[in-house]
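Tertiary structure, described
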Amino acid sequence: MSAAVEITFIIALVLSIIVPGVVFIRGQQTKSRYKATLAVNCFTFFGLLLIATAATFVGGMNVHAASASSGAGFATGMGYIAAALVTGLSCIGGGIAVASAASAALGAISEDQSILGKSLIYVGLAEGVCLYGLIIAFMILGNL
């Protein structure tokens, strides 16, 4: 897929978000109009996303031949997948932990402001999970 086609799809995706929002803001804001705007937004965005995905798989060069000529092996590909998984899963887990710890910390701070420092430690520990995953990903990528 050429760069012009990719840029066209990116512009179309951005406009599919912006245009329905502007139309909604400029008109009378009612509940039915809100639902219609949201439906148009979702339909155009996901429709264009499907078309872009299909266009990606239709044309282009032979990927298997390109990876074989560059010397990339199965172990290298699995290493990249492992690095992506460890980063993604650790960030998802860290996000879940921060969501729980931060909401509990805000509730506790609203009751007693003197425990701000203690509650920030727990939120920081939850964020540390993401950093550990990123460090492991760098270690995996360093051994490829």
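Structure's up top.
What comes next concerns the included structure.

Rules used in this analysis
Residues numbered from 1 in each chain as written. Predicted model: local features only at pLDDT ≥ 70, side-chain atom pairs only at ≥ 80, totals over all residues. Heavy atoms only, no water. Helix = DSSP H or I, 4+ residues; strand = E, 2+ residues; numbered from the N terminus. Buried < 20%, exposed > 50% of the residue type's maximum accessible area, 1.4 Å probe, protein only. Contact = heavy atoms within 4.5 Å. Areas by Shrake-Rupley, 256 points an atom, 1.4 Å probe, with all protein chains shown as cover. Expected span 1.5 Å × (residues − 1). Axes fitted to C-alpha atoms, helices over the stretch in contact; angles between N-to-C directions. Parallel < 35°, antiparallel > 145°, perpendicular 65-115°, else oblique. Nonpolar A, V, L, I, M, F, W, Y, C, P; charged D, E, K, R; others polar. Patch = residues over 30% accessible without salt bridge, like charges linked within 9 Å, V, L, I, M, F, W, Y side chains within 5 Å. Salt bridge = Lys/Arg side-chain N within 4 Å of Asp/Glu carboxyl O.

This paragraph deals with the overall build of the protein chain. Regarding its fold elements, the protein chain presents 5 helices and 0 strands. Taken from N to C terminus, the helices and strands of the protein chain fall in the order α-α-α-α-α. Taken across its 144 residues, the protein chain has 15% of its residues classed as buried. Residue pairs in contact within the protein chain that sit at least 24 positions apart in sequence constitute 70% of those at least 6 positions apart. Element-wise, carbon and sulfur atoms account for 74% of the exposed surface of the protein chain, whose accessible area totals about 10400 Å².

Now for helix α5 (residues 116–142). For α5, with 27 residues, the first-to-last C-alpha span of 39 Å sits near the 39 Å given by 1.5 Å per residue. Within the sequence span of α5, burial applies to Ser-119, Val-123, Ala-126, Gly-128, Cys-130, Gly-133 and Ala-137. Where α5 is buried, its residues touch α4 (74–111).

Another aspect to go through is the side chain of Ser-119. In this structure, Ser-119 sits in helix α5. Exposure remark for Ser-119: the relative accessible area of 8% places this residue in the buried category. With sequence-adjacent residues up to four places away left out, Ser-119 is seen in contact with Ala-105 and Ile-109.

One can find Phe-45 in helix α2 (residues 31–58). The partly exposed category is assigned to Phe-45, whose relative accessible area is 24%. In the structure, Phe-45 is positioned 29 residues away from Ser-16 in sequence and 5.5 Å away in space, judged by C-alpha atoms. Look past the residues within four positions of Phe-45 in its chain and what remains in contact with it is Leu-13, Ser-16 and Ile-17.

Attention now moves to the packing of α4 against α5. Packing of α4 against α5 brings their axes to within 8 Å, and their N-to-C directions diverge by 175°. In terms of orientation, α4 and α5 fall into the roughly antiparallel class. Its residues assigned to classes, the contact of α4 with α5 shows 22 nonpolar, 6 polar and 1 charged.

Taken together, the side chains of Phe-74, Met-78, Ile-81, Leu-85, Leu-89, Ile-92 and Ile-96 present a nonpolar region at the surface, about 770 Å² in accessible area. Within the element layout of this structure, Ile-81 appears in helix α4. Overall, the relative accessible area of 45% leaves Ile-81 in the partly exposed class.

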